[in-house]
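# Structural features, examined
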Amino acid sequence: MRNRCDVAVIGAGVIGCSVAFHLARRGRRGVAVLEAEPLPGSGSTSKANGGIRAQFTTEINLRMSLLSMEILDRLEAEIGEPPLYRKAGYLFVTDSDEKLASMAKAADFQRARGVSVEVLDAAGVRRCAPWIGGLPVGGTFGGRDGFIDPGGLANWLLSAAVRGGVQPLYGARVEAIERLGSGEFLLVTPTGEWLAPVVVNAAGPHAASIAAFLGVEVPVAPVRRHILVSGPCRELPATIPMTIDADTGILIRREGERVVIAYSNPDEPSGFNLEFDPEFGERIAEPLERRFPEVAAAGVDLRRSWVGLYEVTPDHHSILGEAPGVSGFYLCNGFSGHGVMHAPAAGACIAELIDTGRCATVDIAPLALDRFARGAEIHETMVL
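Let us look at the structure shown here. Predicted model only: the values in this text are computed from it and were never measured.

What counts, and where the lines are drawn
Residues numbered from 1 in each chain as written. Predicted model: local features only at pLDDT ≥ 70, side-chain atom pairs only at ≥ 80, totals over all residues. Heavy atoms only, no water. Helix = DSSP H or I, 4+ residues; strand = E, 2+ residues; numbered from the N terminus. Buried < 20%, exposed > 50% of the residue type's maximum accessible area, 1.4 Å probe, protein only. Contact = heavy atoms within 4.5 Å. Areas by Shrake-Rupley, 256 points an atom, 1.4 Å probe, with all protein chains shown as cover. Expected span 1.5 Å × (residues − 1). Bend = angle between axes of the 7 residues up to and from the residue. Pairing = 2+ DSSP bridges. Axes fitted to C-alpha atoms, helices over the stretch in contact; angles between N-to-C directions. Salt bridge = Lys/Arg side-chain N within 4 Å of Asp/Glu carboxyl O. Parallel < 35°, antiparallel > 145°, perpendicular 65-115°, else oblique. Left-handed = near helix turned anticlockwise from the far one by under 90°. Disulfide = S-S within 2.5 Å.

### Points about the overall build of the chain
Per the secondary structure count, the chain includes 11 helices and 21 strands. Based on the C-alpha atoms only, the size of the chain along its principal axes is roughly 65 × 45 × 40 Å. For the chain, with 384 residues in total, the buried portion stands at 55%. Long-range pairs, those at least 24 residues apart, make up 74% of the contacts in the chain with a sequence separation of at least 6. When the accessible area of the chain is evaluated, it comes to approximately 15700 Å², of which 51% is carbon and sulfur surface.

### Some remarks on helix H10 (residues 339-356)
The end-to-end C-alpha distance of H10, which contains 18 residues, comes to 24 Å, matching closely the 26 Å that a straight helix rising 1.5 Å per residue would cover. At Ala-345, H10 shows its maximal kink, close to 35 degrees. Burial analysis of H10 places 16 of its 18 residues in the buried class, which makes it a mostly covered element. Directly beyond the C-terminal end of H10, a positive phi value near 90 degrees is found at Gly-357.

### Side note on the environment of Ser-336
Note that Ser-336 resides in the loop between strand S21 (329-333) and H10. A relative accessible area of 1% means that Ser-336 is categorised as buried. Separated by 324 residues in sequence, Ser-336 and Ala-12 have C-alpha atoms that sit 18 Å apart. With near-sequence residues (within four places) excluded, Ser-336 lies in contact with Tyr-310, Glu-311, Val-312, Thr-313, His-316 and His-317.

### Side note on unusual backbone geometry
A cis amide bond, omega -5 degrees, links Glu-81 with the succeeding residue Pro-82. Note that Pro-82 resides in the loop between helix H2 (59-79) and strand S5 (85-86). Phi is positive for His-316, close to 60 degrees, though the residue is something other than glycine.

### Side note on the sheet that holds strand S7 (residues 118-121)
Ordered in space as S7-S8-S6-S16-S17-S18-S15-S19, the eight strands form an open sheet in which the pairing is mixed. Edge positions in the sheet fall to S7 and strand S19 (306-312), since each has one partner strand and no second. Across the sheet, the mean angle from the axis of one strand to that of its neighbour is 25 degrees, orientation sign disregarded. Sheet topology note: the strand S6 (residues 90-94)/strand S8 (residues 138-142) ladder contains five bridges and is antiparallel. Residue Leu-91 lies in a different strand from S8, and its bridge partner there is Phe-141.

### Description of the pattern of salt bridges
Two side chains carrying opposite charge are able to pair once their charged atoms lie near each other. Within the structure shown, the criterion is met by 25 salt bridges. Between Asp-370 and Arg-374 there is a salt bridge whose closest N-O contact spans 3.1 Å. One network of salt bridges, in which partners are shared, links Asp-95, Lys-99, Asp-245, Asp-247 and Arg-291.

### Here's the deal with the environment of Gly-325
Position of Gly-325 among the secondary structure elements: in the loop between strand S20 (319-322) and S21. For Gly-325 and Gly-215, which are 110 residues apart along the polypeptide, the C-alpha to C-alpha distance reads 9.8 Å.

### With respect to the packing of helix H1 (residues 14-25) against helix H5 (residues 150-163)
For the pair H1 and H5, the least separation of the axes is 8 Å and the interaxial angle reads 30 degrees. When the axes of H1 and H5 are compared, the pair comes out roughly parallel. With respect to the hand of their crossing, H1 and H5 are arranged in left-handed fashion. Taking contact as the criterion, the partners of Val-14, Cys-17, Ser-18, Ala-20, Phe-21, Ala-24 and Arg-25 in H1 are, on H5, Pro-150, Leu-153, Ala-154, Trp-156, Leu-157, Leu-158, Ala-160 and Ala-161.

### Comments concerning the state of the cysteines
The final tally for this structure, using the stated rule, is zero disulfides. Left without a disulfide partner, Cys-17 is nearest to the cysteine sulfur of Cys-332, which lies 12 Å away.

Structure (structure tokens):
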């Protein structure tokens, strides 16, 4: 027997949960979320670092961040305690006068678009983070930036969506999609077949294989990323900004009495590799000790550390919109490490596009899939 729904969302990570939530808030009924795992948010979302920032150098990334922040602020009272969005700030620091000049130029761009960011000299960095090592000449600080609880956000969004009539299905890995003569999509899962006139691809690192069922080439590749967790680090304040060494790309943030350490290896090959590299910490030990000596002194607890997958596009920007030539098939993919921070905005934009045929809240045209064929890639310089 075939089941029917009006919209089938593939994936119950934070992106799919946001799409479902916003569809429900717009009064859309008949929404089903098909998730391969036994629980929502248990794939890449559960492995995310959870930062949110508006310190970007492209218009679209900046707009998506500001919209996400606005949505989270609106939902704050409804979400309640504990808060899912903590405005601890983002602090970028550098030892380079040349890099600081580039960061100051980026801050001008950001402030002109409503971003709260300040440029700091060496003394300003020390006031903000006296525990910083090395000889920073300055940096930038965004006070509205901070952290999101990735799993908490996904679960809250889905719970609210379910109260609005959304039907989640688990263990429902999509094994095939076919476009029928009626125009509907037939989705085949181990738990049954589903018919839907509208499908949203929110499959994270599996986006390319889902799109391939319909002959759509989506340039999204999975890339392994390590997250290290320190031992207890009582020397640092209980709350610190997400702090990024702009010279090396190493970043840290608080997680209880410990510190989370992240670094995106630019030489990491693509692939579904979830094996933890025990030597990863050794490769970043020297720059970590130089910039964050108290964290380095606390050591790394490998038992608590983990790996996850980015879903990366060639220009490190997401793909949003209806797939060219396949009406009713919507793409919400390729966030390249910005999935959690842009999830509220992405869900709102896709829901608006499905509901009204256009997205007026944010101009998502620059994120269309066909930008790659047109040579219209977008280049972000503040990629972590």
